[in-house]
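If you want the building blocks of each chain, they are given just below.
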Amino acid sequence: RGDFPGQVQHDIDFHWALVNGVRSDRLARMYEIIAGEIHLTMGQFAAHRRTTPTTVVSEHDAIMDAIRTGDVDGAQAALAEHLARAHERVLAQVTGD
């Protein structure tokens, strides 16, 4: 829908839901420390604008599908792939590639 701030917020909400779903106070505290930086990076570098909202949603869907089916290795792989793609988008935005 072209709602960049909304897209960023939904992405952040998704990651918080993953963290909270683990039900680990330690993980939640750790994530809280970096969450602000992640939000700033998403907004400042507009990395989400280097892809479509459906791409990010499909990456999130892959993670959730693996979690729903109890596929721990698949969930870990999907999450690692999602984070790697996000990293690539941020780097591309910063370097102008």
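Residues numbered from 1 in each chain as written. Predicted model: local features only at pLDDT ≥ 70, side-chain atom pairs only at ≥ 80, totals over all residues. Heavy atoms only, no water.

So, about helix α4 (residues 72-95). With 24 residues, α4 should cover 34 Å at 1.5 Å per step; its first-to-last C-alpha distance of 34 Å lies within 8% of that length. The set of residues buried in α4 consists of A75, A78, H82, R89 and A92. Buried residues along α4 sit against α1 (4-22) and α3 (53-68). (Helix = DSSP H or I, 4+ residues; strand = E, 2+ residues; numbered from the N terminus. Expected span 1.5 Å × (residues − 1). Buried < 20%, exposed > 50% of the residue type's maximum accessible area, 1.4 Å probe, protein only. Contact = heavy atoms within 4.5 Å.)

With that settled, the discussion passes to the layout of surface pockets. Reported here for the largest pocket is a volume of approximately 730 Å³. Residue lining of the largest pocket: 25 residues in total, with H15, Y31, L79, H82 and L83 positioned closest to the centre. When contributions to the lining of the largest pocket are tallied by element, the ones reaching two or more residues are α1, α2 (25-45), α3 and α4. Among the elements that make up the lining of the largest pocket, the one with the highest residue count is α4 (10 residues). (1 Å grid on protein atoms, 1.4 Å probe; cavity = no way out; pocket = protein on both sides within 12 Å on 5 of 7 lines; lining within 4 Å. Points joined across faces, edges and corners; volume = space filled by probe spheres on them.)

What is shown is where atoms sit, not what they do.
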